[in-house]
Amino acid sequence: MPSTSPDRRRPRAALAMSREAAAAVLSPDSLAALAASCALAPGPVIDDFTTGPARAALADAELLITGWGCPPVHAGVLADAPALRAVVHTAGSVRGHVTEACWDQGIEVSSAAAANALPVAEYTVAMILLSGKRVLERARDFRASRRRDAWLATPPDVGNYRRTVGILSASLIGRRVIELLRPYDLGVLLHDPYVSEAEAAALGVRSVTLDGLFAESDVVSVHTPLLPATTGLVSRGLLSSMRPDGVLINTSRGAVVDQDALTDVLRRGRIRAVLDVTDPDALPAGHPLWDCDNALITPHLAGSQGNELRRLADLAVAEVARWAAGDGFAHPVRRERLAFLA
């Protein structure tokens with residue numbers, strides 16, 4: 001068992017992220033909790049590894065606590081950080097700053113992706129249920145007419161009883177969505193070429209082909225990471241094969257979907273869409289998607305925001321404490337899994 005003596009040496013650590021990210025994610029309580037486990041370098045948070053203060057902090061840092069806005073930790077940075085052994089990221093993806101040089105040097109990496117997955121999954125489930133009841137459309141019509149139609153005359157295809165939800169990719173977020181859907185009277189399908197039928201059954205879902213997912217589902221929710229192989233994966237053919245009035249939900253990355261094809265299908269009124277991401281994420285003002293009443297476009301808000309940022313900090317603080325005590329990370333990022341991660 002590692003020593004828990006109060007005089008046990010705390011590893012030296014530095015904060016590397018934008019100052020805005022540090023202010024948003026790391027509260028005074030979070031910083032105090034970090035300081036209980038590690039010796040934080042004095043001075044401002046590092047957002048540029050080339051400055052004198054940054055190089056001084058790197059010179060003896062054993063741990064980098066990173067966040068949004070952290071510059072890439074490339075070989076040159078590592079040359080200035082000869083003692084560096086680990087990176088704990090206070091957000092999700094580490095692709096933007098953990099470079100091949102880090103993996104080559106055997107640096108351990110942890111991420112708060114598991115904490116960020118929960119609000120995305122919650123948003124997704126909320127949108128699945130809202131779209132099944134056509135809440136947004138019916139509220140809009142109610143506002144315009146000020147008339148409440150007889151509820152018994154509601155079309156029989158409105159509602160969430162025994163609807164079929166298709167999950168594209170059993171990613172960290174995809175799995176959380178599956179978990180959160182279990183209490184509902186919904187059938188859940190999964191397409192993920194890396195998940196066997198037995199594994200899918202253990203998750204409580206039915207494994208189907210990609211074509212089957214889009215043809216059989218009332219709602220398709222996209223959770224695949226953006227990789228060269230998944231760019232444009234949701235094609236015109238798949239979108240056209242969806243059930244009439246089907247719903248596409250995308251909380252992954254905009255470029256996973258053929259956006260021109262989606263726009264065409266939406267403009268024909270054949271399906272509906274809930275898009276928390278687009279390509280680019282800030283659509284040009286004149287883009288035709290803005291004029292599609294059957295598309296709900298939200299500003300990339302499914303991920304951690306507001307008080308949910310505290311969950312990211314809490315996970316990172318716990319990871320730092322585990323690592324400093326010699327217990328290893330509970331949420332490690334493995335090099336061999338990078339091809340499957342966002």
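Residues numbered from 1 in each chain as written. Predicted model: local features only at pLDDT ≥ 70, side-chain atom pairs only at ≥ 80, totals over all residues. Heavy atoms only, no water.

## Examining the sheet that holds strand E4 (residues 86–89)
Turning to step 1, where the next piece is worked out: If you walk across this open sheet you meet the 5 strands as E2-E1-E3-E4-E5, and the pairing is parallel. Looking at strand neighbours, the two that pair on one side only are strand E2 (39–40) and strand E5 (108–111), the edges of this open sheet.
Turning to step 2, where the next piece is worked out: Across 2 bridges, strand E1 (residues 12–16) lies against E2 in parallel orientation. The residue bridging arginine 12 from the neighbouring strand is alanine 39, located in E2. (Pairing = 2+ DSSP bridges. Helix = DSSP H or I, 4+ residues; strand = E, 2+ residues; numbered from the N terminus.)

## Examining the packing of helix H2 (residues 28–37) against helix H13 (residues 309–324)
Turning to step 1, where the next piece is worked out: It is at 9 Å that the axes of H2 and H13 come closest, and there the two elements cross at 10°. Judged by the angle between their axes, H2 and H13 are roughly parallel. Between H2 and H13, the residues in contact are Ser30, Ala33, Leu34 and Ser37 and Ala313, Val317, Val320, Ala321 and Ala324, respectively. (Axes fitted to C-alpha atoms, helices over the stretch in contact; angles between N-to-C directions. Parallel < 35°, antiparallel > 145°, perpendicular 65-115°, else oblique. Contact = heavy atoms within 4.5 Å.)

## Here we look at the nonpolar core
Turning to step 1, where the next piece is worked out: Grouped together as the largest cluster of nonpolar side chains are 27 residues, with contacts concentrated most on Phe214, Val234, Leu239, Leu248, Leu262 and Leu266.
Turning to step 2, where the next piece is worked out: Among the secondary structure elements, those contributing two or more residues to this core are helix H10 (210–216), strand E9 (219–222), helix H11 (236–240), helix H12 (259–267), strand E11 (272–275) and strand E12 (295–297).
Turning to step 3, where the next piece is worked out: The leading source of residues in this core is H12, at 4 residues. (Core = buried A, V, L, I, M, F, W, Y, C linked by side-chain atoms within 4.5 Å. Buried < 20%, exposed > 50% of the residue type's maximum accessible area, 1.4 Å probe, protein only.)

## Details of the packing of helix H6 (residues 113–132) against helix H8 (residues 172–181)
Turning to step 1, where the next piece is worked out: Remark: H6 packs on H8, axes separated minimally by 8 Å, with the N-to-C direction vectors making an angle of 50°. Put simply, H6 runs oblique to H8. Judged by the twist between their axes, the crossing of H6 over H8 is right-handed. Two secondary-structure elements touch here, H6 through Ala113, Ala114, Ala117, Leu118, Val120, Ala121, Glu122, Thr124, Val125 and Ile128 and H8 through Leu172, Ile173, Arg176, Val177, Leu180 and Leu181.
Turning to step 2, where the next piece is worked out: Considered class by class, the residues forming the contact of H6 with H8 number 13 nonpolar, 1 polar and 2 charged. (Left-handed = near helix turned anticlockwise from the far one by under 90°. Nonpolar A, V, L, I, M, F, W, Y, C, P; charged D, E, K, R; others polar.)

## Describing the side chain of threonine 164
Turning to step 1, where the next piece is worked out: Residue placement: threonine 164 occurs in strand E6 (residues 163–168).
Turning to step 2, where the next piece is worked out: Judged by relative accessible area, which is 17%, threonine 164 ranks as buried.
Turning to step 3, where the next piece is worked out: Sequence-distant contacts of threonine 164, that is, excluding residues within four places in its chain, are made with Gly187, Leu189, Glu216, Ser217, Asp218, Val219 and Arg243.

## Quick word on a nonpolar patch on the surface
Turning to step 1, where the next piece is worked out: On the surface, Leu130, Val135 and Leu136 cluster together into a nonpolar patch covering about 200 Å² of accessible area.
Turning to step 2, where the next piece is worked out: Considering the arrangement of structural elements, one finds valine 135 in helix H7 (residues 135–145).
Turning to step 3, where the next piece is worked out: Judged by relative accessible area, which is 32%, valine 135 ranks as partly exposed. (Patch = residues over 30% accessible without salt bridge, like charges linked within 9 Å, V, L, I, M, F, W, Y side chains within 5 Å. Areas by Shrake-Rupley, 256 points an atom, 1.4 Å probe, with all protein chains shown as cover. Salt bridge = Lys/Arg side-chain N within 4 Å of Asp/Glu carboxyl O.)

## With respect to unusual backbone geometry
Turning to step 1, where the next piece is worked out: Aspartate 279 connects to proline 280 through a cis peptide bond whose omega is 0°.
Turning to step 2, where the next piece is worked out: At arginine 134, a position not held by glycine, the phi torsion is positive, near 55°.
Turning to step 3, where the next piece is worked out: Tracing the backbone shows arginine 134 in the loop between H6 and H7.
Turning to step 4, where the next piece is worked out: For arginine 134, a relative accessible area of 14% translates into the label buried.
Turning to step 5, where the next piece is worked out: The phi dihedral of serine 169 falls on the positive side, at around 95°, and the residue is not glycine.
Turning to step 6, where the next piece is worked out: Examined against the element boundaries, serine 169 turns out to sit in the loop between E6 and H8.
Turning to step 7, where the next piece is worked out: The class for serine 169 is buried, based on a relative accessible area of 10%.

## Remarks on the pattern of salt bridges
Turning to step 1, where the next piece is worked out: Scanning the model with the defined rule gives 17 salt bridges in all.
Turning to step 2, where the next piece is worked out: Linking aspartate 264 and arginine 236 is a salt bridge whose minimum nitrogen-to-oxygen distance equals 3.0 Å. Residue aspartate 264 is found in helix H12, and its partner arginine 236 is found in helix H11; the two are separated by 28 residues along the sequence.
Turning to step 3, where the next piece is worked out: What makes aspartate 264 partly exposed here is its relative accessible area of 30%.
Turning to step 4, where the next piece is worked out: Among the charged side chains, a network of salt bridges with common partners joins Arg9, Arg12, Asp60, Glu62 and Arg85.

## Some remarks on the environment of leucine 186
Turning to step 1, where the next piece is worked out: Structurally, leucine 186 is set in strand E7 (residues 186–191).
Turning to step 2, where the next piece is worked out: As a C-alpha pair, leucine 186 and alanine 295 span 109 residues in sequence and 23 Å in three-dimensional space.

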